[in-house]
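Residue-level listing of the chains:
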Number of protein chains: 2
Amino acid sequence: MKKNALALNQAATLRGELLNPDCPSRELLKRITSRWTMLVMLALRDNTLRFSEIRRAIGGVSERMLAQTLRYMEEDGLLVRTAYEVVPPHVEYRLTTLGREASEHVLALTDWLENRFPAIQQQRQNAEPRP
Amino acid sequence: MKKNALALNQAATLRGELLNPDCPSRELLKRITSRWTMLVMLALRDNTLRFSEIRRAIGGVSERMLAQTLRYMEEDGLLVRTAYEVVPPHVEYRLTTLGREASEHVLALTDWLENRFPAIQQQRQNAEPRP
DNA sequence: CAGCATCCTAAATGATACTG
DNA sequence: CAGTATCATTTAGGATGCTG
């Protein structure tokens, strides 16, 4: 076994099996970092919101995608859905502890991104096409 | 303006414009949290690697997607590509400071995910279908 | 209001063959 | 080795109409 391969294997062990294509955690990573899931986390971080409120908060999300996203997040235990048996229906969503933990990390990433955004934009300008 | 809307607007201001569909930072978020970009960050976090080494490190990535991912990351200033003019070609990739910063956040998220993975798995088992 | 079902388009990704 | 080009497939996403 070569030196590099050893180093890589150790790293893979330390950080679990995300670099292994067969590990189910990779699928979960996709779900948690999917476009709408991250934005729902941001919207729900400080609030309990209803379906239509979330939809308004997140510009551009369709009913279909929002409903699907919320269902997945509920399945994964990231949020709880509370339906009041009234007419018209009233349904609230709030993050669980698990969801709040995840949202902290997502928020850290998005905050960083918005801070560094100008730097990246400029980088893109300067980026010369590869020879 | 209603109370809830005000709260949402303040939050949106504080965290920039990610909840606004027209904000270019949303596009960048998609790029940074795309499946292969995150895994490349993990693979390159402690190493400078060649194209084929990255490909081996990340199970399941096709040449096409890896090449595209690396090009985007270079464009965004997340990594630098160093090509040695030899035959056969020798090209190395390493994270920039910007890329390393991003990788810290990604790593925090993936570490959390792998820690909590069992909890989420169990949650999924218990999850009863909605009435 | 809070969805679900259906149909359809667009984007992401994969497989394969080829090249400097 | 480090890619690119092309084609095929899968998946995400949107539009619309309908319902408890």
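Structure shown above.
No experiment lies behind these values; they were computed from the predicted model shown. (Residues numbered from 1 in each chain as written. Chains lettered and ligands numbered in written order. Predicted model: local features only at pLDDT ≥ 70, side-chain atom pairs only at ≥ 80, totals over all residues. Heavy atoms only, no water.)

**Digging into the pattern of salt bridges**
- Evaluated as defined, the whole model comprises twelve salt bridges over all chains.
- For the salt bridge of B:Arg124 with A:Asp76, the shortest nitrogen-to-oxygen distance reads 2.6 Å. Placement of the pair is B:Arg124 in helix H6 (residues 97–126) and A:Asp76 in the loop between helix H5 (63–75) and strand S2 (79–84), with the two residues belonging to separate chains.
- What makes B:Arg124 partly exposed here is its relative accessible area of 29%.
- Residue A:Asp76 is classed as buried on the basis of its relative accessible area, which comes to 2%. (Salt bridge = Lys/Arg side-chain N within 4 Å of Asp/Glu carboxyl O. Helix = DSSP H or I, 4+ residues; strand = E, 2+ residues; numbered from the N terminus. Buried < 20%, exposed > 50% of the residue type's maximum accessible area, 1.4 Å probe, protein only.)

**Considerations on the relation of the copies chain B and chain A**
- Each copy superposes on the other: chain B lies on chain A with an RMSD of 0.1 Å after a rotation of 180 degrees and an axial shift of 0.0 Å. Considering both components of the superposition, the chain copies are consistent with a two-fold axis.
- Interface overlap between copies is the fraction of interface residues in one copy that are interface residues in the other; for chain B against chain A it reaches 100%, indicating a shared surface. (Least-squares fit on C-alpha atoms with pLDDT ≥ 70 in both. Contact = heavy atoms within 4.5 Å.)

**Some thoughts on the packing of helix H3 (residues 35–44) of chain A against helix H6 (residues 97–126) of chain A**
Residue and element names in this part refer to chain A.
- Running from N to C, H3 and H6 cross one another at 100 degrees; their axes reach a closest spacing of 10 Å. If you check the angle between H3 and H6, you find them roughly perpendicular. Together, Met38, Met41 and Leu42 of H3 and Ala102, Ser103, Val106, Leu107 and Thr110 of H6 make up the contact between the two elements.
- Classifying every residue of the contact of H3 with H6 gives six nonpolar, two polar and no charged. (Axes fitted to C-alpha atoms, helices over the stretch in contact; angles between N-to-C directions. Parallel < 35°, antiparallel > 145°, perpendicular 65-115°, else oblique. Nonpolar A, V, L, I, M, F, W, Y, C, P; charged D, E, K, R; others polar.)

**Considering unusual backbone geometry**
- Residue A:Pro88 follows A:Val87 across a cis peptide bond; omega there is -5 degrees.
- In this structure, A:Pro88 sits in the loop between S2 and strand S3 (90–95).

**What to know about the sheet that holds strand S1 (residues 49–50) of chain B**
Residues and elements named next belong to chain B.
- Across the sheet, which stays open at both edges, the three strands sit in the order S1-S3-S2 with antiparallel pairing between neighbours. In this open sheet, the two strands that pair with only one neighbour each are S1 and strand S2 (79–84).
- By the bridge criterion, six bridges tie S2 to strand S3 (residues 90–95) in an arrangement that is antiparallel. Residue pairing across strands places Val80 opposite Arg94, the latter belonging to S3.
- Where helix H5 (residues 63–75) meets the sheet, its contacts fall on S2 and S3, and the angle it forms with S2 comes to roughly 115 degrees. (Pairing = 2+ DSSP bridges.)

**Some points on the interface of chain B and chain A**
- In this assembly, 59 residues from chain B lie in contact with 59 residues from chain A.
- At the junction of chain B with chain A, the criterion picks out four salt bridges.
- Taking the shortest distance from any N to any O, the salt bridge between B:Glu101 and A:Arg116 comes out at 2.8 Å.
- Linking chain B to chain A there are 14 residue pairs in polar contact (both at pLDDT 80 or more). (Polar contact = N/O pair within 3.5 Å; in protein donor to acceptor, adjacent residues only side chain to side chain.)

**Considering the protein's contact with DNA strand D**
- As a matter of local geometry, DNA strand D sits amid 21 residues, with A:Arg64, A:Pro89, B:Arg50, B:Ser52 and B:Tyr93 nearest to it.
- A distance of 3.0 Å separates a base nitrogen of DNA strand D from a polar side-chain atom of B:Glu63.
- Contact between DNA strand D and B:Val91: a phosphate oxygen at 3.3 Å from a main-chain N or O atom of the residue.
- Where the surface near DNA strand D is concerned, the elements lending two or more residues are H3 and H5 of chain A together with helix H4 (51–57), H5 and S3 of chain B.
- Ranked by residue count, the leading element in the surface near DNA strand D is H5(B), at four residues.
- Here the surface near DNA strand D is built from residues that sort into nine nonpolar, four polar and eight charged. (Near = heavy atom within 4 Å.)

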